[in-house]
Amino acid sequence: MRFYRAVILAALTVVLTATPCELLAKKKQVKWAEKQLEYCNRQIERTFETLPNDSVLPRSIDIDKCSWHTTNAFDWTSGFWPGILWYNYENTGKLTDKLQALAYTERQRPLVAKKHQPDHDIGFQLICSFGHAYANTGRAEYRDIMLEGAAKLAKLYNPKVGTILSWPHAVSDNGWPHNTIMDNMMNLQLLFFASKNGGSEKYREMAVSHARRTMKNQFRDDYTSYHVALYDSISGDFIRGCTNQGLNDNSFWSRGQAWGIYGFTTVYRETGDKTFLRFAEKITEAYLSRLPDDYVPYWDFDDPAIPNAERDASAAAIVASALLELAQLEDKPEMAKKYIKASEKMLHSLSSPDYQSRKQNSAFLLHSTGNLPAGYEVDASINYADYYYIEALTRYRDYFSKIDRL
Ligand code: GLY
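All values reported here derive from a predicted model rather than from experimental measurement.

Draft legend 1. Spotlight on the state of the cysteines. This model, assessed by the stated rule, comprises zero disulfides. You can see Cys128 has no disulfide; the closest cysteine sulfur is in Cys40, sitting 15 Å from it.

Draft legend 2. Geometry of the packing of aromatic side chains. Using the criterion set out here, one finds 32 aromatic pairs in the structure. A centroid spacing of 4.6 Å and a plane angle of 45 degrees characterise the contact between Phe252 and Phe301, whose relative ring orientation is tilted. On the criterion of sequence distance, the pair formed by Phe252 in the loop between strand E7 (238-242) and helix H10 (254-271) and Phe301 in the loop between helix H11 (274-288) and helix H12 (313-329) is long-range, its members being 49 residues apart. Ring centres of Phe364 and Tyr389 lie 6.4 Å apart, and the angle between their planes is 55 degrees; on these two criteria the pair is classed as tilted. One end of the pair, Phe364, is in the loop between helix H13 (333-350) and strand E8 (381-382); the other, Tyr389, is in helix H14 (residues 383-405), and 25 residues separate them in sequence. As far as burial versus exposure is concerned, Phe364 and Tyr389 are alike and both buried. Chaining the aromatic ring pairs together yields one cluster made of Trp76, Phe80, Tyr87, Phe124, Trp259, Tyr262, Tyr384, Tyr387 and Tyr388. Just above the ring of Tyr104 sits the side chain of Arg107; from NZ or CZ to the centre is 4.1 Å. Between Lys345 and the ring centre of Tyr295, over which it is positioned, the NZ or CZ distance is 4.5 Å.

Draft legend 3. Structural view of the site of the ligand. As a structural note, the neighbourhood of the ligand is formed by Trp76, Asp183, Gln245, Trp253, Arg255, Trp259 and Tyr384. Here an oxygen atom of the ligand sits 2.7 Å away from a polar atom, N or O, in the side chain of Gln245. Each residue belonging to the shell around the ligand can be placed in one class, and the counts come to four nonpolar, one polar and two charged.

Draft legend 4. View of the confidence of the model for the chain. Taken as a whole, the chain shows an average pLDDT of 95; of its residues, 95% reach a score of 70 or greater. When pLDDT is averaged over each element of the chain, H12 comes out on top at 99 and helix H1 (residues 2-17) at the bottom at 53.

Draft legend 5. Representation of the sheet that holds strand E6 (residues 228-231) in the model. Strands sit in the order E5-E6-E7 across an open sheet of three strands; the sheet is antiparallel. Lying at the two open borders of the sheet, with one neighbouring strand each, are strand E5 (178-181) and E7. Mean inter-strand twist for the sheet, computed between neighbouring axes without regard to direction, equals 20 degrees. Sheet topology places E5 next to E6; four bridges connect them, and they run antiparallel. Directly across from Ile181, in E6, lies its bridge partner Val228. Helix H9 (residues 201-217) contacts E5, E6 and E7 of the sheet and is inclined by roughly 100 degrees relative to E6.

Draft legend 6. Examining the packing of H11 against H12 more closely. Axis separation between H11 and H12 bottoms out at 12 Å; the angle between their running directions is 140 degrees. Between H11 and H12, the crossing angle belongs to the class labelled oblique. Judged by the twist between their axes, the crossing of H11 over H12 is left-handed. Contacts from Leu277, Ala280, Thr284, Tyr287 and Leu288 in H11 reach Ala315, Ala316, Val319, Leu323, Leu326 and Leu329 in H12. Here the contact of H11 with H12 is composed, by residue class, of 10 nonpolar, one polar and no charged.

Calculation rules
- Residue numbering note: each chain is counted from 1, following its sequence as written.
- Local features in this predicted model are restricted to residues of pLDDT 70 or higher, and side-chain atom pairs are both shown and tallied only at a pLDDT of 80 or more, whereas totals for entire chains, interfaces and linings draw on every residue.
- Heavy atoms from the whole structure form the basis of all side-chain values; hydrogens and water molecules are not counted.
- The term disulfide is used for any two cysteine sulfur atoms that are within 2.5 Å.
- Note on aromatic contacts: the rings of Phe and Tyr and the six-membered ring of Trp form a pair at centre separations within 6.5 Å, being stacked when their planes are under 30 degrees apart, edge-to-face when over 60 apart, and tilted otherwise.
- Helix and strand assignments follow DSSP, with helices taken as H or I runs no shorter than four residues and strands as E runs no shorter than two, numbered in order from the N terminus.
- Note on exposure labels: buried denotes an accessible area under 20% of the residue type's maximum, exposed denotes more than 50%, and partly exposed covers the range between, all computed with a 1.4 Å probe on protein chains only.
- Note on criteria: charge over ring means Lys NZ or Arg CZ within 6 Å of the ring centre, with the direction from the centre no more than 35 degrees off the ring normal.
- Near, as used in this document, describes a residue that has one of its heavy atoms within 4 Å of the molecule or strand being considered.
- Polar contact criterion, stated in full: a pair of N or O atoms within 3.5 Å, where within protein one must be able to donate a hydrogen and the other to accept it, and residues adjacent in sequence count only if both atoms are side-chain atoms.
- Note that Gly is not counted as nonpolar here; it falls among the polar residues with everything else outside the nonpolar set of Ala, Val, Leu, Ile, Met, Phe, Trp, Tyr, Cys and Pro and the charged set of Asp, Glu, Lys and Arg.
- Note on scores: pLDDT gives the predictor's confidence for each residue, bounded by 0 and 100.
- What makes two strands pair is DSSP finding at least two bridges between them.
- All axes here are fitted lines through C-alpha atoms, helices being fitted over the stretch that makes contact, and every angle between N-to-C directions spans 0 to 180 degrees.
- Contact between two residues is taken to exist if any of their heavy atoms lie within 4.5 Å; hydrogens are not considered.
- Oblique is the label for every angle not falling under 35 degrees (roughly parallel), over 145 degrees (roughly antiparallel), or within 65 to 115 degrees (roughly perpendicular).
- In this scheme, a crossing is called left-handed if the near helix is turned counterclockwise away from the far one by less than a right angle; it is called right-handed if the turn is clockwise.

Okay, here's the thing in structure tokens:
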């Protein structure tokens with residue numbers, strides 16, 4: 001409620017002071033976003049024409065190729081395709097689009113099977129599929145699946161550390177004891193959802209504790225982040241920060257920071273605790289201050305190959321979406337304005353011929369970097385870049401249409 005009141009108040013403030021010229025500009029912004037969303041819709045139709053069969057999920061396309069690498073429900077990226085289809089349905093309102101979204105959501109059911117032991121990615125996998133399905137249909141069955149997922153995620157929480165063990169497999173594979181990765185900030189949403197929808201209040205407490213510990217230990221003094229934080233699972237002490245997907249342990253991996261910006265914005269929305277808002281501002285500033293001219297980051301801000309290093313369009317899409325929410329939660333109008341402008345710039349770059357896939361392949365975007373150190377999905381099209389891009393465009397369109405309607 002507080003959030004919606006804030007949005008309406010912000011919109012009213014703008015409209016009461018807006019000139020006819022400004023209102024016209026807003027109409028243009030809405031139209032521009034609608035045009036990009038129509039592009040997304042066309043690319044989705046093309047993907048359906050090229051998918052090898054209907055039991056697989058599209059994940060990524062290599063540079064200069066046009067066919068999708070596909071995957072199944074257990075892959076960490078499995079929620080993004082159904083999530084894209086839900087946003088597409090919300091934008092077209094067509095029954096056939098809804099049926100597609102529902103069909104792909106249904107494929108995620110094995111994730112809540114009793115025997116499946118997930119890692120933190122169960123958040124991404126369920127929020128983007130069943131989370132949207134519940135929001136669009138109100139069916140209790142989908143809410144219950146989210147609750148089952150939250151119970152699984154909560155099992156990974158270590159009360160001594162106060163965070164979730166993100167990658168149980170890395171305890172033996174990497175010799176990493178209790179590891180918490182920045183990406184995990186995105187999945188606290190599942191715990192907040194569960195507490196608000198019939199689950200234990202403890203889930204929410206876990207999420208808040210996780211965010212506080214991450215805020216304390218997983219950022220350097222300059223507010224750049226470590227991808228991974230290692231903790232002693234017995235004493236709960238922080239051991240050190242390191243990386244899995246960045247250039248090195250002390251480098252500034254752009255997507256990690258993007259997950260942090262989005263995640264702390266969510267935690268502020270859910271708690272109303274200004275500590276999280278002030279922190280989201282600081283880590284956003286650290287990110288914005290290192291961006292190149294087009295606002296699409298290099299995959300790692302410390303790569304010595306810059307300006308010839310790879311970009312990461314996925315990080316740009318995640319931050320573009322996060323800033324649209326952060327702006328609407330802001331208590332400082334000048335910061336809100338700055339975030340809307342920054343997000344707009346990111347979306348304009350991503351929607352240009354430099355980044356949209358267009359005829360090259362049927363994804364929305366080119367030039368994401370999944371895991372450069374491991375040598376895969378480098379300068380590729382990746383489904384999570386597309387998911388946050390369509391989400392950001394939808395948020396952008398909605399933000400300016402609300403102002404138009406008042
Ligand atoms: N969650 C894994 C990644 O960002 O690549």
